[in-house]
Each structure stands twice: as structure tokens, then as C-alpha cells.
Amino acid sequence: MKLTVHHETTYRYARPVELQPHRMMLRPRGSHEIAVLASSLNCSPEAELDWSQDVFGNLTATATFARPTAELVIINDLTVEHSAAPWPIFRIAPEAHSFPFEYSADDLVALGSLVVLESDDPEGTLGGCAKAFVHGRSTDTLSLLKDMNSGMLDTVAYRTRDEEGTQTPLETLSLASGSCRDIAALFIEAARLLGVGARAVSVYQFDADASPGGGGSTHAWAEIYLPGSGWIAFDPTHRRVGNANLVPVAVARSNRQIMPIIGGYAGRPEDFFSMDVTVHVTQQE
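Summary of the structure given here. (Residues numbered from 1 in each chain as written. Predicted model: local features only at pLDDT ≥ 70, side-chain atom pairs only at ≥ 80, totals over all residues. Heavy atoms only, no water.)

## Points about the packing of helix H3 (residues 141-155) against helix H5 (residues 180-193)
The contact between H3 and H5 brings their axes to 10 Å, and the two run at 145 degrees. When the axes of H3 and H5 are compared, the crossing they make is right-handed. Counting all contacts with H3, which are made through Leu145, Met148, Asn149, Met152 and Leu153, the residues of H5 involved are Ile183, Leu186, Phe187, Ala190 and Ala191. Across the contact of H3 with H5, the residue classes tally to 9 nonpolar, 1 polar and no charged. (Axes fitted to C-alpha atoms, helices over the stretch in contact; angles between N-to-C directions. Helix = DSSP H or I, 4+ residues; strand = E, 2+ residues; numbered from the N terminus. Left-handed = near helix turned anticlockwise from the far one by under 90°. Contact = heavy atoms within 4.5 Å. Nonpolar A, V, L, I, M, F, W, Y, C, P; charged D, E, K, R; others polar.)

Here's what the structure looks like:
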């Protein structure tokens, strides 16, 4: 199917401020399931855009601004061809069918920090959460991950959270609630605790059941690396597996590294007035 994305972010200030460079991750890299047919990224006031790839291979645009402004508008428009199957079949390598399994030496080196815990678990709370999904000494790897993916919402509830940043997994467990990025971070750390390579993903999702003009949003989920199948999308917020209805733009070890837009201004804290974000993901006939 063909999807169009319109993502508009507006920052307002109480007076003209000098904008610092803004880093934006808003364009998909493309894959065998997603092809970028058209894209445009525009800023008002006009900015000079420098494109590069970060350490994870994400396409990054850095905007620099020539003059002060009291309002910044960033508009990202995309058209993509999306062919991800709604019920994918994953052909996992035989050596990884049963959990626990071991990555090859080459895979383990390449995965690096993606198999290492990012947060502390001094009392074993996160470990208890993760190991509760392991049934027996040997279990089916994909079934284990699917159980953990669908079971996160039995432990924590989804809630909209406007604050910046991501809760630690222990904070999410303690509060028993979190945003999509918090729930994804909990799933990622639980997977790593079990010795599985995991990474954070963002940014767009399509909702076919939404009302016209309201069928999309920014989103955060996870990917797990399994030999033979490669990186598999797990969305614990919606209990879904696979890339159907997801448009991955950036991947990294943690959510803080793939925020869609990061930037600041030179001025007083009270100079910042408001920020509005509008996202529409629609299917073309």
C-alpha cells in the first residue's frame, strides 16, 4: 500500500530568539518492505540543511538558522510504498529456534551494546519480570518473545505522557504505566536481560481504523535480532509483531538517541511559549 505522511511541528517563543542547530531524524532509510517514493523537509524560517548518517546509519538532517525568530515551523512530508505482511512468517535459523541460544561470535561483536543492559537492576526486579515469561529450561524463542511482547500490558498500562524523555524500566514497573516509548524501553531491557539483541525504533504508525485525516501518529517500538530472520519488529504497546502499519525511520540503542527533532535556542527559559505537533498518516487509493 502507498502511505503519505504529514508531520508538522511548531515552536512558539515569547520574543524572537536565536535558534541553535536542530537535528532531525524524519526520513525512512528504506528496506525490502518500505520504499521512499517522495520526501520533503522544510523549515520556516528558512534553514540550511546538512545531511549525514549517524553511527547507526540513520539519515540525519541538521538545520542551521540565519536569523532570530519568534516561531519555528518544521514540516516533513513523505510518500512511501509499504509492503510489510500483516501476518509475517519468520524463518529463524535452526540454532536459534530454542531459547536459550547463543549468537555467533561475529553476530555478538556486531551487536555490541545492543545486548548489554542500559539500566541497573540492583534488586532483580526487571530480571524477575523478564524471567517470568520463560517456561522451562528450553522453550521456543519466537513464542517466548511473542509472550513477552503481548504480556507487557498485563504488567503496565499505557498512558499518554507529554513529558520529554523516557522512563527507566524500573520507573515504568514501579508506576505500572508508561507511554509507548516507556513500554518499548521496558521490553528492550527485558530482552537484553535474557541475552537477546534489541534496539529502539521510531517514528510513524498508520491506523487503518481511524477516522479520515486522523490515521496516524508518532510511535516507538522495538526490534529483536534473531539469526536467519534478522531484525523483527515487536510493538508491546499494541501487542503486534512485524512491520505492518509501521514506518521505521530511525534505530538506536535507546529512545533518547532517535528523538525525531532535537534542538534549542539561546535565551531565557521563559522565552519558550509552546510546542504543537500534528501527524497525519493516510493511505492513498
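## Examining the pattern of salt bridges
Counted by the stated rule, this structure contains 11 salt bridges. Residue Asp276 is joined to Arg12 by a salt bridge in which the shortest nitrogen-to-oxygen separation is 2.4 Å. On the criterion of sequence distance, the pair formed by Asp276 in strand E18 (residues 272-284) and Arg12 in strand E1 (residues 2-19) is long-range, its members being 264 residues apart. Its relative accessible area of 28% is what places Arg12 among the partly exposed residues. Among the salt bridges present, the one from Arg192 reaches Glu189, with a minimum N-O distance of 3.1 Å. In this pair, Arg192 and Glu189 are both assigned in helix H5, 3 residues apart and thus about one turn of the helix distant. The same class applies to Arg192 as to Glu189, namely buried. Beyond isolated ion pairs, a larger network of salt bridges with shared partners links Arg15, Arg268, Glu270 and Asp271. (Salt bridge = Lys/Arg side-chain N within 4 Å of Asp/Glu carboxyl O. Buried < 20%, exposed > 50% of the residue type's maximum accessible area, 1.4 Å probe, protein only.)

## Some thoughts on H5
Between the first and last C-alpha of H5 there are 20 Å, a value that for 14 residues agrees with the 20 Å anticipated at 1.5 Å per step. For H5, the tally of buried residues reaches 13 of 14 residues, placing the bulk of the element in the interior. Looking at the residues trailing H5, positive phi occurs at Gly195, about 90 degrees. (Expected span 1.5 Å × (residues − 1).)

## Digging into the nonpolar core
Grouped together as the largest cluster of nonpolar side chains are 65 residues, with contacts concentrated most on Met24, Ile74, Met148, Tyr204, Ile224 and Leu226. Not counting chain neighbours up to four residues away, the residues in contact with Ile74 comprise His7, Glu8, Thr9, Tyr11, Met24, Leu26, Leu41, Asn42, Cys43 and Ile261. (Core = buried A, V, L, I, M, F, W, Y, C linked by side-chain atoms within 4.5 Å.)

## Observations regarding the side chain of Ser254
Here Ser254 is to be found in the loop between strand E15 (246-252) and strand E16 (261-262). On the basis of relative accessible area, Ser254 is assigned to the buried category, the value being 8%. Sequence-distant contacts of Ser254, that is, excluding residues within four places in its chain, are made with Glu118 and Ala200.

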